[in-house]
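Descriptive analysis of the structure
In case you want the letters, here they are:
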Amino acid sequence: MYETKYHKASSVADAVSLIGESDDGKLLSGGQTLLPTMKARLAAPSDLVDISGIANMHGIKVSGSTVTIGAATTHAEVARNADLQAACGSVACLAAGIGDAAVRHLGTIGGSVANNDPAADYPAALLALGATITTNTREIAAGDFFVGLFETALSDDEVIVSVSFDAPSKAAYAKFPNPASRYAMVGVFAAQTANGARVAVTGAGSDGVYRQSDMEAALDSDWAASALAGVQVGSEGLLSDMHADAVYRANLVKVMAGRAVAGCA
Amino acid sequence: MTEISMTVNGKAVKADVPDNTLLVEYIREHLRLTGTHVGCDTSQCGACVVHVDGKAMKSCTMLAASADGADVTTIEGIADGGLHPMQTAFKENHGLQCGFCTPGMIMTATDMVKRYQADGKELTEDAIRHELEGNICRCTGYHNIVKAITDGASKMTNA
């Protein structure tokens, strides 16, 4: 790892000012992606601003049907939170399937969302649930937030403070993990929301997470896995790599969407 | 350089370390506690797992500076004289061959047992295999490790 300067931020305002003062600084949350990237010398931030200790960025609040999760809340905390399990078990269940137990003790929802890895799990949930990403300066709708591969609407010195969404009446996430890395080769989050059926796909799109609108239309007329039978998933715009080509991924999108809908609770 | 202080295996320690020092480097090279291993250095193998404030974490994927003020337990610190029940279980069930991954396996195992006990959930063989996702063993094929953890879990419950 190249040299860097470590700072521990005491508040969101402190983090914003520290990152603003740095040459080429990066926010450090759980570090479960950033630190391996730095160790591989694929990233060399001049400064690291550790936001994991900022108290008001932690925790999960369920008020009525609205769920708010602090950005520095770890995957393990999301997975084990009883209020969230009751209000929106699909998101808790998704968090329980990220990485491994040790990674889940450090990795955070804000970090995952800000990184927008094309195979990350959370983006599918947030996009399907029409979540709002709240930063130090504004609120961004998930649909506008996830821009492309590892690209988001965040500006350089913007800090995600929390994410919030309305609990859906039904939802489930189904993931086909890469057998070695356990990253989603394809992951589908299906939800029955106040605005209709939502199907978001991660791991497959060459621009990152996206909504499968033809499946949403099919599910709006009949919420059942069988309703997806007639939907043709094309391979255009899907990722192709040594693990799975685009045609294989297209088939997986359909299979995992069916499993997600069938598994909805 | 950043000044850090933390508790490691019940002992207060303090040092001035370069900011990019990983927690595992601090533990092994500064504190000379070499029971914690570096297997892959890419956060996959779990040989470096230690407990930070009671939770299993990969010490190769955490900065020493981030652990400032924390309570850290390494494999050297789990037993109160003699062997921890989980260590005994690994010994009795032949839960290792070369032993390189064992410190991480044991730290992961005690963490999972504590979590399942706290949640009142049964730690089944399936659950153990799932929980071991972040720990790689190149010798055993995991069978005896799973057996050892099952045994260690009951030893910890009855301890």
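Quick notes on the rules
- Residues numbered from 1 in each chain as written.
- Chains lettered and ligands numbered in written order.
- Predicted model: local features only at pLDDT ≥ 70, side-chain atom pairs only at ≥ 80, totals over all residues.
- Heavy atoms only, no water.
- Axes fitted to C-alpha atoms, helices over the stretch in contact; angles between N-to-C directions.
- Helix = DSSP H or I, 4+ residues; strand = E, 2+ residues; numbered from the N terminus.
- Parallel < 35°, antiparallel > 145°, perpendicular 65-115°, else oblique.
- Left-handed = near helix turned anticlockwise from the far one by under 90°.
- Contact = heavy atoms within 4.5 Å.
- Nonpolar A, V, L, I, M, F, W, Y, C, P; charged D, E, K, R; others polar.
- Domains from an automatic or database assignment.
- Polar contact = N/O pair within 3.5 Å; in protein donor to acceptor, adjacent residues only side chain to side chain.
- Phe/Tyr/Trp six-rings, centres within 6.5 Å; stacked < 30°, edge-to-face > 60°.
- Buried < 20%, exposed > 50% of the residue type's maximum accessible area, 1.4 Å probe, protein only.
- Lys NZ or Arg CZ within 6 Å of the ring centre and 35° of its normal.

Thoughts on the packing of helix 2 (residues 85-92) of chain B against helix 5 (residues 143-158) of chain B
Residues and elements named next belong to chain B. Where helix 2 meets helix 5, the axes come as close as 8 Å, and the angle between the chain directions of the two elements is 140°. Judged by the angle between their axes, helix 2 and helix 5 are oblique. Crossing angle aside, the handedness with which helix 2 passes helix 5 is right-handed. Between helix 2 and helix 5, the contacting residues are Pro85, Met86, Thr88, Ala89, Phe90 and Glu92 on the first element and Ile145, Ala148, Ile149, Asp151, Gly152, Ala153, Lys155 and Met156 on the second. For the contact of helix 2 with helix 5, the per-class residue count stands at nine nonpolar, two polar and three charged.

Things to note about the domain arrangement of chain A
Domain annotation of chain A identifies domain 1 (5-50), domain 2 (55-166) and domain 3 (170-262). Here domain 1 of chain A and domain 3 of chain A have C-alpha centroids that lie 34 Å from each other.

Overview of the side chain of Thr4(A)
Residues and elements named next belong to chain A. Within the secondary structure, Thr4 is located in the segment before strand 1 (5-8). A polar atom in the side chain of Thr4 sits 3.0 Å from the backbone oxygen of Pro45. One polar contact links the side chain of Thr4 to the main-chain carbonyl oxygen of Ser46, over a distance of 3.3 Å.

Some words on the packing of aromatic side chains
All chains considered together, the criterion is met by two aromatic pairs over all chains. Pairing Phe145(A) with Phe146(A) gives two aromatic rings, centres 5.1 Å apart and planes at 85°, and the pair type is edge-to-face. The residues Phe145(A) and Phe146(A) share a single accessibility class, namely buried. Looking at Arg41(A), its charged tip hangs above the ring of Tyr2(A), at a distance of 4.2 Å from the centre. One residue, Lys121(B), lies across the ring of Tyr116(B), its end atom 4.8 Å from the ring centre.

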